[in-house]
Structure formats: C-alpha cells, structure tokens
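# Coordinate analysis (summary)
These are the residues of each chain, in order.
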Amino acid sequence: MSSRSKEKVTAMFRKIFKSSNKEGEGPSKPNPSGSGSPARRLLRGCRDSVSPAAPQASPAFTSSKGKKGEDGPSHKSVRARRLMKEYRDLQRLQNSKTDPVFTVELVDDNLFEWHVKVYKLDAESELGNDMKELGINYILLHVVFPENFPFAPPFMRVISPRIEKGFVMEGGAICMELLTPRGWASAYTVEAVIMQFAASVVKGQGRIQRKTKGQKVFSKRTAEESFRSLVKTHDKYGWVTPSLADG
C-alpha cells in the first residue's frame, strides 16, 4: 500500500472515532451520569412502551364472581336451594300418606324456620303410652337453619309437650351428637334428623312431665344456653352418652 493510501485510511479512522466520541459512546469521553450505557438506554425505551402490570389481589380477598362476572355460589343460595328441595320432598311424602310419621310446615312462611310434628313413636315405649294416656297426638319441634346450612347443623328444640329425660334438656334443647358442629355432616337430611330424634327420645326413656309446679321455663333462649353448654362439654371431654339424670 502506498504512503498516500495509508494516509487516507488513517484519516478515515480518525474521522470515525472522532464522531463516536462526540455522541458519548467512545471510551475516551465517559458520561458522568451513565445514562448512555446500553442497559440504561434499553430501560428508557421499555419505560415508554410498557405499562406496569396491574396489582393482583390476595387469594384471601378474591371476588366470588366468575370469569363472566356471574356471582359464585354463596352459603345463602346453597341453603335456600337445599331447603326448598327438602321441603318439597317432605311435603310430597306426607301428602301421599294418610298417617305420616311426621309433618313439616314453615313458621310464618319462613323457609329457614320450620315446625315439625312427630306423630309416631315406639307404641310400646313409656313415652308412647304417656301420649296415649294424656291424649297428646304429637311432639312439636322447632327447627332453625343457620345461614351456613347445610355445612352447619340446624338448631332443634322441643316446644311441647314438656319431656323429661329422653336426651331432652332445659328449654327443650336436644342432646344429639349429629346436631353439634363436630357430629354434623352436610349429607344429613332433615328427615334423617327427625327420625334420629324419634329414636333417641325413646332410647333415653323420655317421659312426659306431669308436674306443673316448679317447672323450668321452656324457652328458645334457655334451650340455646343449654345447648351451648352441651357443645362445650363434649368438645372438652369427648362425646359420651350422658346419664339419664342429665337428660
């Protein structure tokens, strides 16, 4: 290569390096802020073109709405559907028989509060004989279904007649394991609960209370207090059949 050609090549390289130094890209002219580095230029470009991701809600506070905005199943809707089905089934069953074992009816047209009349017990039991002797046709029960039914048990108590023993406690509360949160299962039907009561009150040697003097108040409040005490006792000591003296 001639000396003239070498000079042209040298001049061209000097021109290239001089241009890059003016733009702050060359090593001989560092940018004090560092904003000219490839990484920072990339971040500046992303900041202008990409929106920040929307914050995600905690799973514990996730909305019950589905993808299409429809409300998911709630405890209240599950309770209403379940009770409507059971009530209709029991109505059909009792209307198909002239002498049903028990009947159900709503209290003040409230789907979540029922009156149950139990007509048939063991005819040879002492309780059955008491009912015949006193002309009592049925045992009246009051059943209240909580908001989280069928995942929690109903509250059931005896309204009339007043029964001694037979696992019936103060206020008419009923000592049955399946009526407690620990003993309950959502698969239990109202019919199964009523039939279990009919068997338990006879097994516990229930009798109709004949004494009128010094009778304890048979009220919902008393029954609820008695039942709460029962649940605490069984949660602490386990479920054992109480003595007949305790009802």
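Quick summary incoming for the structure in this document. (Residues numbered from 1 in each chain as written. Predicted model: local features only at pLDDT ≥ 70, side-chain atom pairs only at ≥ 80, totals over all residues. Heavy atoms only, no water.)

## Re the overall build of the protein
As a reminder, the rule being used: Put simply, DSSP H or I for four residues or longer makes a helix, DSSP E for two residues or longer makes a strand, and each gets a number counted from the N terminus. Per-residue accessibility, obtained with a 1.4 Å probe over protein chains only, is compared with the maximum for each type, and a residue is labelled buried under 20%, exposed over 50%, and partly exposed between these values. Only heavy atoms matter for contacts: two residues are in contact if any of them lie within 4.5 Å across the pair. Per-residue and other accessible areas were derived by the Shrake-Rupley procedure at a 1.4 Å probe size, with only the shown protein chains allowed to occlude residues.
Counting secondary structure elements, the protein contains 6 helices and 6 strands. Shown N-terminal to C-terminal, the secondary structure of the protein runs as helices and strands in the order α-α-α-β-β-α-β-β-β-α-β-α. For the protein, the proportion of its 247 residues judged to be buried stands at 30%. Intrachain contacts of the protein at a sequence separation of at least 6 include 60% that bridge at least 24 residues. When the accessible surface of the protein is split by element, carbon and sulfur atoms take 53% of a total near 16900 Å².

## Describing the side chain of Arg82
Put simply, the rule is: Throughout this description, a polar contact denotes any pair of N or O atoms lying within 3.5 Å of each other; where both atoms belong to protein, one of them has to be capable of donating a hydrogen while the other can accept it, and for residues adjacent in sequence the pair is counted only when both atoms sit in side chains.
For Arg82, the location among the structural elements is in helix α3 (residues 75–95). Separated by 2.9 Å, the side chain of Arg82 and the backbone oxygen of Ser186 make a polar contact. Once residues within four sequence positions are removed from consideration, Arg82 is found in contact with Phe149, Pro150, Ser186, Ala187, Tyr188 and Thr189.

## Brief notes about empty space enclosed by the protein
Keep this limit in mind: Cavities and pockets were defined on a 1 Å grid built from protein atoms only: a cavity is a group of points that admits a 1.4 Å probe but offers it no way out, a pocket is an open group of points flanked by protein on both sides within 12 Å along at least five of seven lines, and a lining residue is one with an atom within 4 Å of any such point. Grid points are joined across faces, edges and corners, and a volume is the space filled by probe spheres set on the points.
All told, the structure shown has 1 cavity of 30 Å³ or more when counted by the stated rule. There is about 30 Å³ of room inside the largest cavity. Along the walls of the largest cavity sit Val143, Phe145, Pro154, Met156, Val190, Val193 and Ile194, which together make up its complete lining. No other element matches the 3 residues that helix α5 (residues 190–203) contributes to the lining of the largest cavity.

## Re helix α4 (residues 126–134)
Worth spelling out the cut-off: The arc in question is the one traced by the directions running from the helix axis out to the C-beta atoms.
Within the sequence span of α4, burial applies to Leu127, Gly128, Asp130 and Met131. For α4, the arc enclosing every buried residue in end-on projection is 160°, short of the 170-degree limit, so these residues lie on one face. Within α4, the exposed residues directed more than 90 degrees away from the buried face are Lys132 and Glu133. Along its buried surface, α4 packs onto β3 (139–144), α5 and β6 (207–208). Directly after α4, the chain includes Gly135, whose backbone phi takes a positive value near 70°.

## Considerations on the sheet that holds β3
Rules: A pair of strands is labelled paired if DSSP reports no fewer than 2 bridges between them. For helices, the axis comes from a line fit to the C-alpha atoms of the stretch in contact; other axes are also lines fit to C-alpha atoms, and the angle between any two N-to-C directions lies between 0 and 180 degrees.
Sheet architecture is open: 4 strands sit in the order β1-β2-β3-β4, paired in antiparallel fashion. Of all the strands in the sheet, just β1 (102–107) and β4 (155–160) have a single pairing partner and so form its edges. Neighbouring strand axes in the sheet, compared pairwise and without regard to direction, differ in orientation by 25° on average. When strand β2 (residues 110–118) meets β3, the two strands line up antiparallel, connected through 6 bridges.

## Concerning the packing of aromatic side chains
The condition that has to hold: Under the pairing criterion, centres of Phe, Tyr and Trp rings, with the six-membered ring standing for Trp, must be within 6.5 Å; the plane angle then separates stacked pairs below 30 degrees from edge-to-face pairs above 60, leaving the rest tilted. For a lysine, the NZ atom is tested; for an arginine, the CZ atom; a charge sits over a ring if that atom is within 6 Å of the ring centre and within 35 degrees of the ring normal.
As enumerated under the stated definition, the model contains 7 aromatic pairs in all. Plain terms: the ring middles of Phe155 and Phe227 are 5.8 Å apart, the flat faces sit at 75° to each other, and that makes the pair edge-to-face. Residue Phe155 is found in strand β4, and its partner Phe227 is found in helix α6 (residues 220–237); the two are separated by 72 residues along the sequence. For Phe155, a relative accessible area of 16% gives the class buried. Of the residues examined, Phe227 reaches a relative accessible area of 10% and is grouped as buried. Looking at Arg79, its charged tip hangs above the ring of Phe112, at a distance of 3.5 Å from the centre.

## Description of the pairing of β2
When β1 meets β2, the two strands line up antiparallel, connected through 6 bridges. Directly across from Val104, in β2, lies its bridge partner Val116. The turn joining β1 and β2, which pair antiparallel and follow one another in sequence, is formed by 2 residues; a positive phi near 55° is taken by Asp108.

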